[in-house]
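Chain by chain, the residues run as shown.
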Amino acid sequence: MAPVVSDPATMHARPPRAMSAAGFDRASGPLTADDLPTDARTQKERVRLAQIELLELSAQLTTPHLRRRILRIYSLLRSEPTAPTPAKPPPFRLTLREMEVLTLVATGCSNGEAAEQLTIQAETVKTYMRSIMRKMGVRNRTAAVHTARQIGLLD
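These notes cover the structure that comes with them. (Residues numbered from 1 in each chain as written. Predicted model: local features only at pLDDT ≥ 70, side-chain atom pairs only at ≥ 80, totals over all residues. Heavy atoms only, no water.)

Some details on the side chain of E98
- Mapped onto the secondary structure, E98 falls in helix α3 (residues 96-106).
- Using a relative accessible area of 4% as the deciding quantity, one classes E98 as buried. (Helix = DSSP H or I, 4+ residues; strand = E, 2+ residues; numbered from the N terminus. Buried < 20%, exposed > 50% of the residue type's maximum accessible area, 1.4 Å probe, protein only.)

Here's the deal with helix α6 (residues 141-150)
- Of the residues making up α6, those classed as buried are A144, V145, T147 and A148. One face of α6 carries all of its buried residues, which in axial projection span an arc of 165°. In α6, the exposed positions that point more than 90 degrees away from the buried face belong to T142 and Q150.
- For α6, the elements touching its buried residues are α3 and α5 (122-136).
- Where α6 terminates, the next one or two residues include G152, which has phi positive at roughly 95°. (Arc of directions from axis to C-beta. Contact = heavy atoms within 4.5 Å.)

Thoughts on the packing of α3 against helix α4 (residues 111-118)
- Close contact between α3 and α4 brings their axes to 9 Å; oriented N to C, the two are set at 130°. Here α4 runs oblique to α3, going by the angle between their axes. α3 and α4 meet at a crossing whose hand is right-handed. For the pair formed by α3 and α4, the contact residues are R97, E100, V101 and L104 on the first element and A114, Q117 and L118 on the second.
- For the contact of α3 with α4, a count of residues per class yields 4 nonpolar, 1 polar and 2 charged. (Axes fitted to C-alpha atoms, helices over the stretch in contact; angles between N-to-C directions. Parallel < 35°, antiparallel > 145°, perpendicular 65-115°, else oblique. Left-handed = near helix turned anticlockwise from the far one by under 90°. Nonpolar A, V, L, I, M, F, W, Y, C, P; charged D, E, K, R; others polar.)

Digging into unusual backbone geometry
- Even without glycine at this site, T119 takes up a positive phi of about 50°.
- Structurally, T119 is set in the loop between α4 and α5.

Overview of the pattern of salt bridges
- Here the structure, examined in full by the defined rule, presents 4 salt bridges.
- Among the ionic pairs, E100 bridges to R97, the shortest N-O distance being 3.0 Å. With a gap of 3 residues between them, E100 and R97 both fall in helix α3, about one helical turn apart.
- With relative accessibility at 6%, the residue E100 sits in the buried group.
- Note on R97: relative accessible area 24%, which makes it partly exposed.
- A salt bridge links K135 to E98; its shortest N-O distance comes to 2.8 Å. Of this pair, K135 sits in helix α5 while E98 sits in helix α3, and the two are 37 residues apart along the sequence.
- Overall, the relative accessible area of 27% leaves K135 in the partly exposed class.
- Residues participating in the shared-partner salt-bridge network are E123, K126 and R130. (Salt bridge = Lys/Arg side-chain N within 4 Å of Asp/Glu carboxyl O.)

So yeah, pure geometry; function would need other evidence.
And the structure:
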C-alpha cells in the first residue's frame, strides 16, 4: 500500500465555521478538532461543546440502544473532574436518568423539551424531577439546579 502524500498546493485552508449561540454549528454536522478552542483555559468549554453535541446526536437517533450508549458517554463526560471535587460526597445519590433530566432542566429545557430529547413522556420527566427534589430536600426545580451546582454535580 502506497503512503499518502499530501501536496501543500492542493490543501485548502478551512474557513471558520459559524457557531450558533449554543456553541456549535448545527447546519454543517459534527464538531472537529479544528472547530474547538485550543488553549488550556478552554478545556471546560471543549467538554461542554462535546456534551451538547452528544445530546443533539442522541435526540436524532431512532435506535434505543445507540441512544443509550451516546447518553452513557455523555454521563462519563459529566463525571470528568474539570474543577476540584468537593471534599465530601453529596448526602444523596441520583440515578443516571435523574442526572440526565436534571442536566436538561439546568440548561433551560421544559418538561416537554426534556421528554422529547430523552424520548420519554413529559409526565415521566415530572416524576424524575419530583424524585430529584425529594432526594435533595428542595421544593422546586430551580432550587434543585442551584443545589446541584453548589455541590459540584453541574457546572
